[in-house]
Amino acid sequence: MAPSHAQYSKTLSQKLQGWLCRQSRRLPTPWHEATLVLLRLDLDPARPLVQTLYAPSARGRPPCDPVCVLRALLLMLLLHSKSLSQWAHDLRTHPRLAQIAGFAPFATPAVGTFYTFIDRLEDGPYAPPCAHHVRPSRLRKGRHRRQLKQEQAQRHAAQASEASQADTVTERLAQELLAAADQPRPHALLTRLEDLLFTCGGLPSVQRGLLGDLQALVLCGDGATLPTGANPHGRPTCDCRAQGMFRCDHERFYTDATATWGYDAYRDTFFFGHHSFQHCVVTADHALPVHVGLAPAHVTDFTMGPTSLDRFLKTCAAHALPVTVRAVVYDSGLDALGISRFVQAKTITPVIALHPRRGEHPAPTGTADHVNDHGVPLCPAGLPMRRHSFGPGGRRIDYNCPVKRPTRRGGRVQWIAHRDECPRQVWCQPQTQMGPVVYVRTADDPRLYPPIPRGSATCKQLMATRTGCERSNSFKKVASRLGERPCRSATHFLVRLSLVSLLEHACAWLAEDRKESGEHPIGPAGWPEAA
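Calculation criteria
Residues numbered from 1 in each chain as written. Predicted model: local features only at pLDDT ≥ 70, side-chain atom pairs only at ≥ 80, totals over all residues. Heavy atoms only, no water. Pairing = 2+ DSSP bridges. Helix = DSSP H or I, 4+ residues; strand = E, 2+ residues; numbered from the N terminus. Axes fitted to C-alpha atoms, helices over the stretch in contact; angles between N-to-C directions. Parallel < 35°, antiparallel > 145°, perpendicular 65-115°, else oblique. Contact = heavy atoms within 4.5 Å. Nonpolar A, V, L, I, M, F, W, Y, C, P; charged D, E, K, R; others polar. Buried < 20%, exposed > 50% of the residue type's maximum accessible area, 1.4 Å probe, protein only.

A. Spatial organisation of the sheet that holds strand E11 (residues 396-400). Strand order in the open sheet formed by three strands is E10-E11-E14, with antiparallel pairing between adjacent strands. Bordering the open sheet on either side are strand E10 (386-390) and strand E14 (438-441), each of which pairs with just one other strand. Across the sheet, the mean angle from the axis of one strand to that of its neighbour is 30 degrees, orientation sign disregarded. Here E11 runs beside E14; their pairing, made up of four bridges, is antiparallel.

Structure (structure tokens):
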């Protein structure tokens with residue numbers, strides 16, 4: 001019978017005490033830190049999930065304990081190792097690493113076991129071999145004949161045909177997600193990884209109170225680029241080069257079946273690979289991922305943001321966790337009218353930085369005749385008008401003359417006109433103390449007129465939490481070395497992203513335990529330093 005987490009913790013704690021008693025047997029600091037993290041990470045909730053990946057009545061040699069294989073992969077990421085082959089060798093040659101992972105010394109799995117475990121995660125619950133069904137892992141492996149220019153032309157043609165159904169890509173996506181709100185998640189690799197992160201990472205963090213009030217949850221979303229380890233140029237399928245033709249339109253062999261060319265706006269460069277997006281709950285001390293997704297590089301944050309939010313809400317509903325998202329915080333990369341309307345349709349408040357559009361001027365709404373790039377009405381003299389108040393239900397915003405402002409004198413509120421600030425030096429409406437007065441309808445354009453006004457103290461406080469999601473992306477790309485192109489398929493990238501997200505929860509638990517005992521964490525947020 002496979003050992004439970006309680007048995008694993010008891011055995012490893014006893015061994016750890018023995019290692020600490022002798023200076024010559026003391027563990028290296030990264031190993032010690034990783035041990036403390038894994039002692040707090042209970043993988044028993046994942047056993048029903050990973051056990052279904054194996055045949056119920058196995059023939060031949062018994063398989064390795066899938067929970068131990070999963071723990072070994074987590075230990076590999078904790079120790080910043082990116083090669084599965086090298087990691088299998090390290091487990092075999094370092095008996096204490098094997099014991100930390102839950103294996104007996106010199107009885108560790110070979111490298112093929114780790115690759116097969118990831119294949120099983122991708123294939124789903126075990127099914128007998130069938131000539132009429134090809135497993136997803138088989139379709140992914142090998143070399144794939146692709147013509148990237150033709151694929152790009154087909155995507156552009158599909159986008160052009162879909163443009164007639166909706167004004168923008170985000171509005172069409174919002175319509176599709178809202179129409180499929182009651183449909184369950186498909187039985188795919190992403191669903192299994194979502195359940196793994198939720199049961200082993202999210203729920204324990206909820207029990208520890210690290211996610212805050214579940215009835216007023218604030219999510220932060222951000223994307224990241226992940227160049228693939230596969231050759232971006234492929235290998236030729238023809239002999240055109242031998243004939244002196246160095247640029248042909250024939251198909252080429254690629255080892256990454258789904259990688260595409262995309263643009264990295266932060267580094268101002270193009271890359272060949274994938275694009276990840278995650279939602280985090282950011283507190284004063286931790287940034288805890290609650291959902292992570294992956295798509296080809298040409299897919300932007302405009303598409304991945306709403307999709308990730310929708311899948312997170314479905315995951316919570318599938319596990320019967322009552323969650324109410326109060327607000328979502330995005331950077332200007334997700335500033336789109338369709339996203340704002342989709343989020344509001346989910347009864348969530350959007351807090352999105354305004355993106356300066358080039359060659360596009362906002363259309364005025366309500367009684368405003370002219371507005372600036374930020375949607376603020378302009379007075380007849382061309383100055384941005386002063387926001388005065390919100391209308392009933394927050395469905396409109398009232399603005400008044402920018403040089404007429406209230407003040408308190410003698411215990412009473414008075415309106416003072418500052419004529420020297422007006423370019424015209426003449427009152428537009430001298431008979432009124434506030435005029436001219438206009439209003440804009442917030443429901444007509446929630447992108448320009450969000451429920452929480454940009455520049456307000458609440459908006460600034462929420463936008464400050466967005467940096468936690470960026471730090472989490474940095475951990476994934478730097479600490480776990482995913483930015484060094486360790487994988488040549490989207491499956492391996494997604495598995496590692498999900499496991500690193502799970503480890504971020506466990507490291508936060510270790511940091512909290514140390515804070516209660518008065519200790520200081522080693523490494524950022526409890527993450528073990530590199531050896």
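Picking up where we left off.
B. Looking closely at the packing of helix H11 (residues 189-208) against helix H16 (residues 490-517). At their nearest, the axes of H11 and H16 sit 10 Å apart, and the two run at 5 degrees to each other. Considering their axes alone, H11 and H16 lie roughly parallel with respect to each other. Of the residues in H16, those in contact with Leu189, Leu190, Leu193, Leu196, Leu197, Cys200, Gly201, Gly202, Pro204, Ser205 and Arg208 of H11 are Thr491, Leu494, Val495, Ser498, Leu499, Ser501, Leu502, His505, Trp509 and Asp513. Residue composition of the contact of H11 with H16, by class: twelve nonpolar, seven polar and two charged.

C. Inspection of the sheet that holds strand E3 (residues 235-236) at higher detail. Reading across from one edge, E1-E4-E3 is the order of the three strands in this open sheet, with antiparallel pairing throughout. Of all the strands in the sheet, just strand E1 (144-146) and E3 have a single pairing partner and so form its edges. In this structure, E3 lies alongside strand E4 (residues 252-254), joined through two bridges in antiparallel fashion. Bridge pairing in E4 places Arg235 opposite Phe253.

D. Inspection of unusual backbone geometry at higher detail. In this chain, Gly435 is followed by Pro436 through a cis amide linkage whose omega measures 5 degrees. At Ala320, a residue that is not glycine, the phi angle is positive and equals roughly 55 degrees. Position of Ala320 relative to the elements: it lies in the loop between helix H12 (301-318) and strand E8 (325-330). What makes Ala320 exposed here is its relative accessible area of 66%. Of note, Arg481 is a non-glycine position whose phi angle comes to about 65 degrees, a positive value. Note on placement: Arg481 falls in the loop between helix H15 (466-479) and H16.

Treat this as a map of the structure, not an account of what it does.
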